[in-house]
Amino acid sequence: CYNCGVTKTPLWRRTPDRAHSLCNACGLYYKQYSTHRPLHIRHKPHSVSRTPPPPQDDDEPHVQCVNCMQTQTPLWRKNAQGQPVCNACGLYAKLHQKARPAAMRKTKIQRRRR
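Conventions used here
Residues numbered from 1 in each chain as written. Predicted model: local features only at pLDDT ≥ 70, side-chain atom pairs only at ≥ 80, totals over all residues. Heavy atoms only, no water. UniProt positions renumbered as here; feature names shortened; annotations may be inferred. Buried < 20%, exposed > 50% of the residue type's maximum accessible area, 1.4 Å probe, protein only. Helix = DSSP H or I, 4+ residues; strand = E, 2+ residues; numbered from the N terminus. Contact = heavy atoms within 4.5 Å.

Per an unreviewed UniProt entry, the chain goes by GATA-type domain-containing protein and derives from Umbelopsis ramanniana AG. In the Subcellular location (unreviewed entry) part of its UniProt record, the chain is described as follows: "Nucleus".

Q: Would you explain helix α1 (residues 24-33) in this entry?
A: Owing to its 3.6 residues per turn, the α-helix aligns residues three or four sequence positions apart on the same side. Within α1 the residues assigned to the buried category are N24, C26 and G27. Once α1 finishes, S34 follows within two positions and takes phi at roughly 55 degrees, a positive value.

Q: Sorry, what's going on with helix α2 (residues 87-96) here?
A: Among the residues of α2, N87, C89, G90 and Y92 are the ones counted as buried. Buried residues belonging to α2 abut β3 (76-78) and β4 (84-86). Q97, located one to two residues past α2, shows a positive phi value of around 55 degrees.

Laid out in structure tokens, this is it:
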């Protein structure tokens with residue numbers, strides 16, 4: 001890459017004058033901002049060492065959806081009264097302006113397929 005010096009990229013691009021090759025990242029950056037990509041952006045940490053979360057005390061209260069009593073959800077939301085609701089109940093209420101029926105509750109969290 002003429003800008004950052006990488007030698008491997010999924011797609012090579014050209015500078016506007018077509019004189020030099022740019023890596024995919026630098027080419028997209030140049031196309032959007034009309035300037036070369038700063039080199040400090042390229043250097044990301046390769047691996048992040050994560051420490052396991054501390055064990056939770058049994059005395060600590062668990063969050064529970066006030067509508068369906070679910071305790072696991074990918075995202076907690078709040079209803080109009082400020083109470084915690086699971087993602088499904090929050091989205092349903094936002095779309096239909098009423099509480100999600102308990103019969104719609106599933107035992108397994110359903111993920112979107114993209």
